[in-house]
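# Fold and geometry: a report
Take a look at the letters that make up each chain.
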Amino acid sequence: MATLVLIFMVAVLPPIPGKLTAELSEILHDAASQEKIFVIVHMNTEYPYESLVDMDAQEKCVVFKNVAENSQSDVFEYLKSLSENKVELGGQFWIFNGFHLKATKDVIMALTRRNDIWFICHNTEVHAHRVREDNIRVKKKRSRVVEWNISKVMADSCWTAGYNGSGIILGHIDTGVDVDHPALSGKWLSPYWLDGVNGQPTPYDDNNHGTHTMGTICGGDGPGLFTDDIGIAYGAQYIPTKAFNASGTGTYASIDTCMQYLADLKAGGVDIRAIGNSWGAVNGADLHWWSIVLNWKILGVFPVFSIGNSGPGPGSVGSPGSYPLTIGVGATDSLDDIAFFSSRGPAPNIDPINDPQYWYYSDWNLLKPDVSAPGVDVRSSIPGGGYGLLTGTSMASPHITGGVALLLDKNPYLTVDDIYELLYQNCEQPTQGAPYPNYNYGWGRINLWHSLQATPPGNKPNIKIVRIEVVGGNENGRLDPGETAGIVSYLRNNGGISATGTIAKLRINDSYITINDSTTNLGTILPRDTVDNSADPFSVTVSPVCPEGYILNFQLYIVCAESSWTRNFDLIVGNPGEDYATHDCGNCKLTVTRYGAIGFMGSNQSAGLGFIYPISGPKRLYYGSFAVGTDADYCVDRYFEKNECDDEDWNTVTSPVYGGVRMYEPGPGNLDEYTTALYDDSGHPNSKGLLCEQYSWAWDDPNASEFVTIKFVLKNQGSFAINSLYAALFMDFDIGDYSNNQGSSETARNLTWMYEAGTGAPYYVGVAMLDPPRTTSPANLALIDHLIYVYPYQGLPDSIQIQFMDGTIINPSSNRLFDWSTCNSAGPFNLNPGDSAVVAFAILGGDNLNDLKTNADTAYTRYWNLEFGIEDNKLPSEQSIPQLMLTPVIARNRTLTLRYNLGTATPVNLKIYDVLGRLVDEHNYGVLHNSGEFTVGLNTLAQGIYFVQLETGDYKKTEKVVLIK
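Residues numbered from 1 in each chain as written. Predicted model: local features only at pLDDT ≥ 70, side-chain atom pairs only at ≥ 80, totals over all residues. Heavy atoms only, no water.

### What about the packing of aromatic side chains?
For clarity, the threshold we go by: Between 30 and 60 degrees the pair is tilted, below 30 it is stacked and above 60 it is edge-to-face, where a pair is any two Phe, Tyr or Trp rings, Trp via its six-membered ring, whose centres lie within 6.5 Å. Per the convention used, a helix needs a DSSP run of H or I reaching at least four residues, while a strand needs a run of E reaching at least two, with both numbered from the N terminus. Note on exposure labels: buried denotes an accessible area under 20% of the residue type's maximum, exposed denotes more than 50%, and partly exposed covers the range between, all computed with a 1.4 Å probe on protein chains only.
Applying the stated criterion across every chain yields a total of 48 aromatic pairs. For the ring pair Tyr361 and Tyr424, a centre distance of 4.8 Å and an interplane angle of 20 degrees mean the geometry is stacked. A residue pair is termed long-range when its members are at least 10 positions apart, and Tyr361 in the loop between β14 (327–332) and β15 (371–374) and Tyr424 in helix α11 (residues 416–424) qualify at 63 residues. Taking the relative accessible area as the measure of exposure, Tyr361 reaches 11% and is therefore buried.

Rendered as structure tokens:
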């Protein structure tokens, strides 16, 4: 798909993988050799976040500064050694680990080859989020009427209750502020101010935007004599910074400078609690500010961002409002309708945005905006003492910034996570926006009064869970099936007084878990202190039949002399599963995903490494996907189809276990890396109940290091037969200059391959079908001409894709230098309900064609030796043994049938557990040979649900069986 760029725009120099942003690559391509380009360099060294848990903000800042200074020293020495004609050093930063630099493109390219550099981006322009402005100055009101937007979020009710943000310090990054405006008089925390644009020593605003947003945050005096009550938290103080010029335009550099300045103040003891940001990049996947916002949050600063004015299209959210680290705010009008311009979610599905460790709550799952607030025709202050109406998400987010001050006024001990929870869980949900949450309103329009009412008072203890650890057992830090282990809870008192005589009790209502020791005594917990029960862990036992990926929902009941709380937390049994994993133990790298996409999570290459061969070489794969189909109306995949959009037919199984990718290192037998994943066809409009078990493995063995093997087990779990089913792997390889690619195929090996023509020693990459075996009918092998089958549709339509799968379109080799992709397809399979079929492939490389074929032969031999016992290793599925099946799953005649194909003589043992995990029956069948079947009687068991576990050697298979009379 990469050559689509050549059709619509001028080709640009490809970025060095992982180092240059696409925009910077294009700039470098067109730059003169002596031109100095302003870039921002991000270092590879990460901050030791785990060691910061018990530090205060100032101590954390010291760690950040030391790490940044040490990691940047070597590259700074290198840059200082270069000519001033090539390099101008800019500011160094610790709020993110990086620095500003003006350098010629040869210097920038040299930096990309350093291992201590993460990525480099251009000093791009960024704009404040405003839609339109009414420049007519509005006279001061004679009557005391609270502005509609203030009463809409019920800030005035908070004032009546006595909370106005008094004592709370707020940061502000905008176009500056007219600090002498009557509505803002006395609220500036002098002398703190930074002009990141013009360097002026005292605050000013040459645009209007900053004064307007600050007015909404804290303008007026609430119930006092001043009539223009335009602000939420009139008692708060603010620190203004200017990152945007008179036209509302800023740069990464000016914004970074202001972000660092506010962090420096925090490090110096100025207790900034939230920072208002009514700006952002249009691209929600822009990660330039990721580390900054993360570090703000770790320092206890609540990051508030407008979501952008690029709506109403889906996925139009801008960054940093798109980050899970921020509260991204959309705009509503006076009738609680979402504004047409307000950007919509979801957030981009890319790493680290899609990494749950950064989410405020476990099922966030890319929801943006988080909340909404008034943003249409909002009246607030403008420079010179007047007032005006402005519209935009810029006008919405200040309601949150001011609202944070109100909540902290009631309880200054609230954490960033506490504040987020109080805001999103207490939203109004207008009927016209239902159901909630959604990508228009988020959780709804904020109601600060409801949030304040839910805020625990600061004059009481408030015990929250900081983190949970699993200890003991097999010492791998998680609960595994059949394991007895300890659970340690780390608790923090976010209240203003001590919690005395504190006791914690662990609770759960789940048949898969037994609590052996549920209670621990924690004594007195001082304000802002953290305690744990590591000296007396809770003891639990997991049922041996609990499936991996199962989520256990625990409750921790905490009681002290002053109060009590019930806090919830989840633990996943076994390997938790991820979105994707990358095999990298041999001479190649390949990313596999939780839903059949190969190389990346999507064709936009949002997450993953693709296929890299050799391991030190460049990326060789644009995108790939596993696909099945019977006809044009049932073609299931995650491949690009039309208008450069990926199909979403395969969905990761989530119940009763999560089917994400689980990487095991080492794997079973002699496998060095082994993964599993589980997904089904539920995303297809004509779903047939087809389940796919995906397995992949690789070796760190010089004799088998040039490939990764992927196996797919297809199971018909539907009620009807699936006939004439084909299964294929589509791989859009791009080798070097993809417009010079060639390819071919060989039926004897069921092998397709591609290479870049015209190079001295071209590497070959390809796909070899391993199963069904070569001795059966040959696979359908094809090279796909993008000019004919892809470009006209901006993707590969199902109606064409199925024709490559079933052999209707036969194209065994390329006929010219161009952009091609490959198809290796097996079938047809006829699957009755309960039947299975297996296909397997090797994705491989070679120094030349003969080397590629030799590697294909090795992969083939290894696969069949492994599967059928020629070697001692047998490959288990995710809780099973190949060729071992138990039927039926609903037993009406009290009899089960076990069918097996073990390949070699193997001892077999059968155990039956009830839903409480108790062993109720056991049979030892001794050594079974080759294949066959036998029956298991259940006459002694009562009606109910049972788990039947079959053991052969080191491997187990567990099936749930429903026994009815």
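### A look at the sheet that holds strand β2 (residues 87–93)
Stated precisely, the cut-off is as follows: Strands qualify as paired when DSSP identifies two bridges or more between them. Every axis corresponds to a line fitted to the C-alpha atoms, with the helix fit spanning only the stretch in contact, and the corresponding angles, defined between N-to-C directions, vary from 0 to 180 degrees. In what follows, residue pairs with any heavy atoms lying within 4.5 Å of each other are defined as contacts.
With respect to topology, four strands assemble into an open sheet ordered β2-β3-β1-β4, the strand pairing being antiparallel. Lying at the two open borders of the sheet, with one neighbouring strand each, are β2 and β4 (117–122). Sheet twist, expressed as the mean angle between neighbouring strand axes with direction ignored, is 25 degrees. Here five bridges tie strand β1 (residues 37–43) to β4, and the two strands are oriented antiparallel to one another. In the sheet register, Met43 faces β4, and the bridge partner there is Ile117. This element, helix α3 (residues 57–80), spans β1, β2, β3 (98–103) and β4 of the sheet and lies at about 175 degrees to β2. Along the sheet, helix α8 (residues 252–267) contacts β1, β2, β3 and β4; its crossing angle with β1, the most-contacted strand, is approximately 45 degrees.

### Points about the UniProt feature "active site" (unreviewed entry) in the protein chain
The condition that has to hold: UniProt positions are given in the numbering used here, feature names are shortened, and annotations may be inferred rather than shown by experiment. A cavity, in this analysis, means grid points on a 1 Å lattice covering only the protein atoms where a 1.4 Å probe fits yet has no way out; a pocket is instead an open set bounded by protein on both sides within 12 Å along at least five of seven lines, and a residue lines either one if it has an atom within 4 Å of a point. N or O atoms within 3.5 Å of each other form a polar contact, as long as, within protein, one can give a hydrogen and the other can take it, and as long as residues adjacent in sequence are counted only when both atoms are side-chain atoms.
When the UniProt feature table is mapped to this numbering, "active site" (unreviewed entry) covers Asp174, His209 and Ser394. Over a stretch of 221 residues, the named residues converge on one spot in the fold, their C-alpha atoms separated by at most 10.0 Å. For the second largest cavity, the lining residues drawn from the annotated set are Asp174. Each residue touching Asp174, except ones within four places of it in the same chain, is listed here: His209, Gly210, Thr213, Thr241, Lys242, Ala243, Phe244 and Ser278. Polar contacts involving the side chain of Asp174 include one to the main-chain amide nitrogen of Gly210, which spans 3.2 Å. Mapping Ser394 onto the fold places it in helix α10 (residues 393–410). A polar side-chain atom of Ser394 sits 2.8 Å from a polar atom in the side chain of His209.

### Structural notes on the side chain of Arg379
Here Arg379 lies in strand β16 (residues 378–382). Classification of Arg379 as buried rests on a relative accessible area of 6%. At 2.6 Å, the side chain of Arg379 forms a polar contact with the side chain of Glu147. At 2.8 Å, the side chain of Arg379 and the side chain of Asp228 are in polar contact.

### Details of the environment of Met601
Within the element layout of this structure, Met601 appears in the loop between β29 (597–598) and β30 (611–612). Linking Met601 and Tyr360, residues 241 residues apart in sequence, is a C-alpha distance of 23 Å. With near-sequence residues (within four places) excluded, Met601 lies in contact with Asn349, Asp579, Tyr580, Thr593, Arg594, Tyr595, Ser606, Ala607 and Tyr623.

### Regarding the confidence of the model for the protein chain
We count it as follows: Summary of the metric used: pLDDT quantifies the predictor's per-residue confidence within the range 0 to 100.
Taken as a whole, the protein chain shows an average pLDDT of 88; of its residues, 90% reach a score of 70 or greater. Taken as a whole, residues 1–17 scores under 50 in pLDDT and shows 33 contacts with residues more than four places along the chain or in a different chain. Here residues 867–883 is a poorly scored stretch, pLDDT under 50, and it has 50 contacts once near neighbours within four places are set aside; other chains count.

### Remarks on the sheet that holds strand β22 (residues 519–525)
Taken in spatial order, the four strands of this open sheet run β22-β20-β25-β26, and their pairing is antiparallel. In this open sheet, the two edge strands, each paired with only one partner strand, are β22 and β26 (564–572). Put simply, the sheet's adjacent strands are angled 25 degrees from each other on average, direction ignored. Strand direction decides the pairing type here: strand β20 (residues 499–507) and β22, joined by five bridges, are antiparallel. Of the residues in β22, the one forming a bridge with Ala504 is Thr520.

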